[in-house]
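# Fold and contact review
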2 protein chains.
Amino acid sequence: MILEQIHDPQDLKKLTNEELHTLVDEAREALLQKVSRHGGHNGPNLGVAEMTVALHYVFDSPKDKIIFDVSHQSYFHKMLTGRAQAFIDPAHYDDVSGYTNSKESEHDLFTVGHTSTSLALASGVAKARDLKGEDDNVVAIIGDGSLSGGLAYEGLNNIIELGTNTIVIVNDNDQSIAENHGGLYRNLRELRASNGQVENNFFKALGFEYHYLDNGNDLDALIALFQQVKDTDHPVLLHIHTIKGKGFKFAEENREKFHAGGPFSLETGEYLSAGNKKDTYNSVTTEYLMKKMAADPTIVAVNAGTPMVLFNQEQRAKVGKQFVDVGIAEQQAATMLAGLAKNGVKPVWAVTSTFMQRSFDQISHDLALNDLPGTILVYGASVHGMNDESHIGIFDIPFMSHIPNVVYLAPTNKEEYLAMLDWSLEQTDHPVAIRVPVGALKETGVADTTDYSQLYKNQVTKVGSKVALVGVGNFYSLAEEIAKELDAKYEIQATIINPKFISGLDTDLLDHLTDDHQLVVTLEDGIVDGGYGQTIASYLGNTDVRVQNYGLEKAFHDRYNAAELLQENGVTVENITEQIVKALKGKHVLSANESTR
Amino acid sequence: MILEQIHDPQDLKKLTNEELHTLVDEAREALLQKVSRHGGHNGPNLGVAEMTVALHYVFDSPKDKIIFDVSHQSYFHKMLTGRAQAFIDPAHYDDVSGYTNSKESEHDLFTVGHTSTSLALASGVAKARDLKGEDDNVVAIIGDGSLSGGLAYEGLNNIIELGTNTIVIVNDNDQSIAENHGGLYRNLRELRASNGQVENNFFKALGFEYHYLDNGNDLDALIALFQQVKDTDHPVLLHIHTIKGKGFKFAEENREKFHAGGPFSLETGEYLSAGNKKDTYNSVTTEYLMKKMAADPTIVAVNAGTPMVLFNQEQRAKVGKQFVDVGIAEQQAATMLAGLAKNGVKPVWAVTSTFMQRSFDQISHDLALNDLPGTILVYGASVHGMNDESHIGIFDIPFMSHIPNVVYLAPTNKEEYLAMLDWSLEQTDHPVAIRVPVGALKETGVADTTDYSQLYKNQVTKVGSKVALVGVGNFYSLAEEIAKELDAKYEIQATIINPKFISGLDTDLLDHLTDDHQLVVTLEDGIVDGGYGQTIASYLGNTDVRVQNYGLEKAFHDRYNAAELLQENGVTVENITEQIVKALKGKHVLSANESTR
């Protein structure tokens, strides 16, 4: 097997053309074996087998700098840069991350996972090279989908401004995560249809030397093209048309299904987990919105490049004009929400926590400053969300809850969640964000009739004394468990609070608590710093009530086991119970006897 | 005076062509009188007198929706929509804000002040119109400079995707705040040079019906063009070439100087405050960097469209290739910083607090996740910074200090600031942001020799007991004043702490404080929620030490008087002293006698 002999890109240079072709086949087969058993980004990688081999054959990484956008298409790159074992040997599948990672290899310049960053990164790398008087090539590979993000456009502009060697490869497989949306994609279509010859050319208009390659899965053509532009003294853009999912017919036939996913059958092209038909927070959201939208033509769902979070292809066809996919362009989504709300319709934007942060200024300056009633559904905001350091969703409370006017809600079960969503869509006072619960669907079976227009009113679900447990959203159940433990082990009847709102405090309740509580414990599913609990610690700071804030340490936690991470951060029933008892002893509320029974 | 008779855009429709021309002259004269006495955005407005009159003559605001990008060029729009008095009568100059403001008029759809948002806003407004089945025109006016921001590109893409009536007016005066940078600007130049006929056309490539007007200060031509495209059923882009500063020769001759500024002489074109030659935090930054960059060719200063914050035109010529202006594109700046740092040079980015928030994800995901040593100088982060609600800089601590790996520093004087900056440029471990002090330059005359690589080590500047005052950055002097008052009035010797670091705690120090302090008071120049003080309240929450956090309420404070706003928020020497004494009495540390002398 040739692939096993490739320990460094330099090893490629010694191969014959025939061996290079064999290498492509081996690599693609290894990839198919791995992703079908292990899951991962299947389609995007299958399409770039030839391109990646050609890149490493022609350029000299790490002297030449190769930068992948998002980098979910870097699996072949990893195989060719000393990490083939992680794709050949199942025991080593988890040795590598799903993205480039600078801690993994000197061939991975950056740890990335968000979209549209490669060109700006490349412009910085190229500028540094120029300042140092060096002469390596800077190569950025960006998919057509990633070109929908404004940062990609800013990068294109700045690469031209620098005017020196930067080779931009547009890997155009005519597909984003789902289908593409936006004016640019008409131009890409025209360019593909005309073999790059059509008069209107977005890239040429920005000043690029432009080359089109229609068969982007032709290894020899790719090598020739790369050799032609290597060591250029000015910016060059290679528009390369590839087949997403190339070499696996089910992936070629359904590009949305095979963007990424868990293990699947190589024979049938079916995902192995497809049989799971249980309701989830995602499915009840979809169900609710489909019904609501059918009844109210002024409700419009917005999404930025991940429509399947809300609607599958069939459902999108059904909701029609009441759904907008803006491309992978979270800034546009947030600001468009402001425009929609201002002109009297009811927009709801579904976005993953880690990507929502791409629109901080738009949420603040456009939506919140204008205090417009857009609804934001925040997915995956939990230690139990995506766990790659580039995708973790635990920073949203510090990020979102301190923006003035934004009402940020943290439901704890299905009924509460849907009641909040319904209230949010119908109210006209404020932007509202809802932290969609993460984990198995919890149903109470009882409709939630809370009046959410009474902002910042918390719910006391159990009245106790001495200690109050504030369980935010996903961590409400943790509060219940701790209360049980306190009762069982120490006969302490803790107060339990479901705050519901995390962008402001129920100061009446907190003032009352000081009467007969010595300790308030906050539990939140995110980092502690800048979080909800700290606003309580601050509010009660000038009283004799002690406050303990639990959550995660501020860090880019990477590919962690959630249970272990929580334990490391002291977020366990056992530890918190112990800390509570210790504190109450310190306050002389519990005698030594009581606290050690 | 015709201008005085315009109370509503409908009044324009009754004017003869000759009267319209007279109105343009009157409006421009009124504007010149006002901005020369009052200050404001002079050049951008002078260029759009004709365009604004034509807009309101042809379109029917507020039925037709007119959206200004940044909206610093909306002065004529305000004159024509019932607010002429604010431009004619000096006593009413402050009746209107410097930007569109939805609280001011139904003709101002949005309160805005940041760049590149108009097209995304327009896309939302247009989509809502379509959903409601209405037929008004949606018109967005965006300057050439604003097209450098990625959100503008996302907006263009989405307007085409919608495919219905949206009229985008590119007001091209061949100037951003300073000169333009980026590939797009070559295309705009070619388009201007060819009367819109050159083959490569950025806007046509994206799918727009494109019209070029070379004399964008020709009222009749503007009216004809607007009439031609009014009620279009598809997106149209009007590329209109105007003269920035039109009608005031000094402004036409120096477009950077006359972007905005304080009062100036109509006779000489000199700003009246130009005589002020005192050193400022800006000037010492410039001086330091010019010297440092001359000695070290690997230092590179980055800026996003506001180069004058660092260097004037002459200084930019001097630093040459060691300065990069990326356009009004903060995302690009932050991500480019990551690329520069990764490839071994020393980048420093100067950015205003309010605009820094446009790059949250880039600072987090590109710079911080990769833990790269870029330096960010954060300007105007203070209650004493810009005070329009769209430009306030008081949200940076919650925003910045909870991003993992970022070291956020708050210097209190010149020597400390420059020592931090020098350390930051030379270290290679982390991204570092420095909150550039706001206000008059404070000099100690003694070089700061602190070793800042000892992260999170606070400086205790006065050892006392009972109460510790933590004065963050600009508010350090407030801590000193309160300490004086406590001594003078109550003979309390407070401990004074200069934390220096605001992204992490000096836990050793805080642990020690608990020995002989009953109260820790934090003072920060920003909002309290999510701020530095709350991290201390949280850390000390489980002790008997009380904590009081002072700062501003979370809100979009607008055109406030800083002293009044601080007073409203209890941030005065008097109030804080009183609250401290009250708390110490509550802790029985002070007897009733002591505390009332």
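To start, this report covers the structure provided alongside it. (Residues numbered from 1 in each chain as written. Chains lettered and ligands numbered in written order. Predicted model: local features only at pLDDT ≥ 70, side-chain atom pairs only at ≥ 80, totals over all residues. Heavy atoms only, no water.)

### What to know about the overall build of chain A
Helices and strands together make up the secondary structure of chain A, namely 24 helices and 16 strands. In terms of C-alpha radius of gyration, chain A reaches 27 Å, essentially the compact-globule figure of 25 Å for 597 residues. Taken over the C-alpha atoms alone, chain A extends approximately 80 × 55 × 55 Å along its principal axes. Counting contacts in chain A only where the partners sit at least 6 residues apart, residues at least 24 apart contribute 76% of the total. Total accessible area computed for chain A in this model is approximately 19800 Å², and 47% of it derives from carbon and sulfur atoms. The distance from the centre of the 49 positive side-chain charges to the centre of the 82 negative ones in chain A is 3 Å. (Helix = DSSP H or I, 4+ residues; strand = E, 2+ residues; numbered from the N terminus. Rg over C-alpha atoms; globule rule 2.2 N^0.38 Å. Contact = heavy atoms within 4.5 Å. Areas by Shrake-Rupley, 256 points an atom, 1.4 Å probe, with all protein chains shown as cover. Lys, Arg positive; Asp, Glu negative; His and termini not counted. Charge placed at Lys NZ, Arg CZ, Asp CG, Glu CD.)

### A few points about the packing of aromatic side chains
In total, this model carries 41 aromatic pairs over all chains according to the counting rule given. Judged by centre distance (5.8 Å) and plane angle (35°), the ring pair of Tyr-153 of chain A and Phe-202 of chain B falls under tilted. Remark: Phe-202 of chain B occurs in helix 10 (residues 202–206) and Tyr-153 of chain A occurs in helix 8 (residues 150–162); the pair is interchain, linking two chains. When sorted by exposure, Tyr-153 of chain A lands in the same class as Phe-202 of chain B, which is buried. Look at Phe-258 of chain A and Tyr-271 of chain A: their rings are 5.3 Å apart centre to centre, the planes differ by 25°, and that puts the pair in the stacked class. Remark: Tyr-271 of chain A occurs in the loop between helix 12 (249–253) and helix 13 (281–295) and Phe-258 of chain A occurs in the loop between helix 12 and helix 13; sequence separation between them is 13 residues. Counting every residue linked through ring pairs, the aromatic cluster contains Tyr-153, Phe-202, Phe-203 and Tyr-210 of chain A together with Tyr-153, Phe-202, Phe-203 and Tyr-210 of chain B. Sitting above the plane of the Phe-87 of chain A ring, Lys-34 of chain A keeps its charged end 4.3 Å from the centroid. (Phe/Tyr/Trp six-rings, centres within 6.5 Å; stacked < 30°, edge-to-face > 60°. Buried < 20%, exposed > 50% of the residue type's maximum accessible area, 1.4 Å probe, protein only. Lys NZ or Arg CZ within 6 Å of the ring centre and 35° of its normal.)

### Overview of the side chain of Gln-322 of chain B
One can find Gln-322 of chain B in the loop between helix 14 (313–319) and strand 7 (323–325). Within the structure, the side chain of Gln-322 of chain B is placed 2.9 Å from the backbone oxygen of Ile-299 of chain B, a separation counted as a polar contact. Aside from chain neighbours lying at most four places away, what touches Gln-322 of chain B is Leu-131 of chain A together with Met-293, Asp-296, Pro-297, Thr-298, Ile-299, Val-300 and Ala-301 of chain B. (Polar contact = N/O pair within 3.5 Å; in protein donor to acceptor, adjacent residues only side chain to side chain.)

### As for the nonpolar core
Among the nonpolar cores identified, the biggest contains 242 residues, and Phe-202 and Ile-376 of chain A together with Phe-202 and Ile-376 of chain B are the most heavily contacted of them. For Ile-376 of chain B, the contacting residues outside a window of four places in its chain are Leu-337, Trp-349, Val-351, Met-356, Ile-363, Leu-367, Met-400, Val-432, Ala-433 and Ile-434 of chain B. (Core = buried A, V, L, I, M, F, W, Y, C linked by side-chain atoms within 4.5 Å.)

### Things to note about the interface of chain B and chain A
Counting residues at the interface gives 109 residues for chain B, matched by 110 residues for chain A. Taking both sides of the interface into account, the surface hidden between chain B and chain A amounts to around 9100 Å²; carbon and sulfur atoms contribute 55%. There are 2 salt bridges connecting chain B and chain A. Its salt-bridge partner being Arg-546 of chain A, residue Asp-544 of chain B comes within 3.2 Å of it at the nearest N-O pair. Linking chain B to chain A there are 58 residue pairs in polar contact (both at pLDDT 80 or more). In terms of residue class, the side of chain B that touches chain A is built from 43 nonpolar, 45 polar and 21 charged. (Buried area = accessible area lost by both parts, 1.4 Å probe. Salt bridge = Lys/Arg side-chain N within 4 Å of Asp/Glu carboxyl O. Nonpolar A, V, L, I, M, F, W, Y, C, P; charged D, E, K, R; others polar.)

### As for the relation of the copies chain B and chain A
Its rotation angle being 180°, the transformation that places chain B on chain A also includes 0.0 Å of axial translation and leaves an RMSD of 0.0 Å. Interpreted geometrically, this transformation is the action of a two-fold axis. Using C-alpha coordinates, one finds that chain B approaches the rotation axis most closely at Gly-150 of chain B, a distance of 1.7 Å. Interface overlap between copies is the fraction of interface residues in one copy that are interface residues in the other; for chain B against chain A it reaches 100%, indicating a shared surface. (Least-squares fit on C-alpha atoms with pLDDT ≥ 70 in both.)

### Let's talk about the packing of helix 2 (residues 17–38) of chain B against helix 11 (residues 219–229) of chain B
Residues and elements named next belong to chain B. Direction vectors running N to C along helix 2 and helix 11 enclose 115°, while the axes themselves pass 11 Å from each other. By the criterion of interaxial angle, the relationship of helix 2 to helix 11 is roughly perpendicular. The two elements helix 2 and helix 11 cross, and the hand of that crossing is right-handed. Contact residues: helix 2 offers Asn-17, Leu-20, His-21 and Val-24, while helix 11 offers Leu-219, Asp-220 and Ile-223. Broken down by class, the residue content of the contact of helix 2 with helix 11 amounts to 4 nonpolar, 2 polar and 1 charged. (Axes fitted to C-alpha atoms, helices over the stretch in contact; angles between N-to-C directions. Parallel < 35°, antiparallel > 145°, perpendicular 65-115°, else oblique. Left-handed = near helix turned anticlockwise from the far one by under 90°.)

### Considerations on the side chain of Asn-137 of chain A
Residues and elements named next belong to chain A. Looking at where Asn-137 falls in the secondary structure, it is placed in the loop between helix 7 (118–132) and strand 2 (138–143). Note on Asn-137: relative accessible area 1%, which makes it buried. Here the side chain of Asn-137 touches Asn-165 through a polar contact of 2.8 Å, side chain to side chain. The contacts of Asn-137, once residues within four sequence positions are left out, are Phe-59, Asp-64, Lys-65, Arg-129, Asn-165, Ile-167, Lys-230, Asp-231 and Thr-232.

### Describing a negative patch on the surface
A surface patch of negative charge is lined by Asp-508, Asp-511, Asp-515 and Asp-516 of chain A. Inspection of the secondary structure puts Asp-515 of chain A in helix 21 (residues 507–516). (Patch = residues over 30% accessible without salt bridge, like charges linked within 9 Å, V, L, I, M, F, W, Y side chains within 5 Å.)

### Section: the sheet that holds strand 5 (residues 235–241) of chain B
All names here are of chain B. Taken in spatial order, the 5 strands of this open sheet run 1-2-3-5-4, and their pairing is parallel. The sheet is open, and its two borders are formed by strand 1 (65–68) and strand 4 (209–213), each paired with just one other strand. For this sheet the average axis-to-axis angle between neighbouring strands, irrespective of direction, equals 20°. Packing of helix 11 onto the sheet brings it into contact with strand 3 (166–172), strand 4 and strand 5, and relative to strand 5 it is tilted by some 170°. (Pairing = 2+ DSSP bridges.)

### A word on the pairing of strand 6 (residues 299–303) of chain B
Residue and element names in this part refer to chain B. Among the 5 residues of strand 6, 5 are classified as buried, and the element is accordingly described as predominantly covered. The alternating pattern of strand 6 places Ile-299, Ala-301 and Asn-303 and Val-300 and Val-302 on opposite faces, both of which are buried. Pairing of strand 6 with strand 8 (residues 346–352), which is carried by 5 bridges, proceeds in the parallel orientation. Counted as the bridge partner of Ala-301 is Val-348 from strand 8.

### A look at the pattern of salt bridges
Enumeration according to the criterion identifies 58 salt bridges over all chains in this entry. With a shortest N-O distance of 2.6 Å, Arg-83 of chain B and Glu-104 of chain B are connected by a salt bridge. One end of the pair, Arg-83 of chain B, is in helix 5 (residues 75–83); the other, Glu-104 of chain B, is in the loop between helix 6 (85–88) and helix 7 (118–132), with 21 residues separating them in the sequence. A single salt-bridge network, built from bridges that share partners, covers Lys-292, Asp-296, Lys-346, Asp-422 and Glu-426 of chain A.

### Details of the sheet that holds strand 10 (residues 407–409) of chain B
Residues and elements named next belong to chain B. The strand order 7-6-8-9-11-10 describes an open sheet built from 6 strands, whose pairing is parallel. Here the strands that pair on one side only, and so sit at the sheet edges, are strand 7 and strand 10. The average angle at which neighbouring strand axes cross in this sheet is 20°, direction not considered. Sheet topology note: the strand 6/strand 7 ladder contains 3 bridges and is parallel. Across the sheet, the residue bridging to Val-302 is Val-324, located in strand 7.

### Observations concerning helix 13 of chain A
With 15 residues, helix 13 of chain A extends 21 Å from end C-alpha to end C-alpha; this agrees with the ideal 21 Å at 1.5 Å per step. Turning to helix 13 of chain A, the residues buried within the fold contact strand 6 (299–303), helix 14 (313–319), strand 8 (346–352), strand 9 (375–379) and helix 19 (414–426) of chain A. (Expected span 1.5 Å × (residues − 1).)

### Observations regarding the packing of helix 2 (residues 17–38) of chain A against helix 5 (residues 75–83) of chain A
Residues and elements named next belong to chain A. In contact at an axis separation of 11 Å, helix 2 and helix 5 are set at 115° when each is read in the N-to-C sense. For the pair helix 2 and helix 5, the crossing hand works out as right-handed. Of helix 5, the residues touching helix 2 (which contributes Leu-23, Ala-27, Arg-28, Ala-30, Leu-31 and Val-35) are Tyr-75, Phe-76, Met-79 and Leu-80. Its residues placed into classes, the contact of helix 2 with helix 5 shows 9 nonpolar, no polar and 1 charged.

### Section: the environment of Gly-47 of chain B
Examined against the element boundaries, Gly-47 of chain B turns out to sit in the loop between helix 3 (43–46) and helix 4 (49–58). Not counting chain neighbours up to four residues away, the residues in contact with Gly-47 of chain B comprise Asn-217, Thr-242, Ile-243, Gly-245 and Lys-246 of chain B.

### As for the pairing of strand 5 (residues 235–241) of chain A
All names here are of chain A. Burial runs high along strand 5: 7 of the 7 residues are buried. Where strand 3 (residues 166–172) and strand 5 come together, 7 bridges link them in parallel fashion. When the bridges of strand 5 are listed, Ile-169 appears paired with Leu-238. The pairing of strand 4 (residues 209–213) with strand 5 spans 5 bridges and is parallel. When the bridges of strand 5 are listed, Leu-213 appears paired with Ile-240. Taken together, strand 4, helix 11 (residues 219–229) and strand 5 form a β-α-β motif whose crossover is right-handed. (Right-handed = clockwise from strand over helix to strand, strands pointing away.)

### Let's talk about the environment of Glu-252 of chain B
Residue and element names in this part refer to chain B. Note on placement: Glu-252 falls in helix 12 (residues 249–253). Separated by 206 residues in the primary sequence, Glu-252 and Leu-46 have C-alpha atoms spaced 9.4 Å apart. In this structure Glu-252 touches Ile-243, Lys-244, Gly-245, Lys-246 and Gly-247, once residues within four positions along its chain are discounted.

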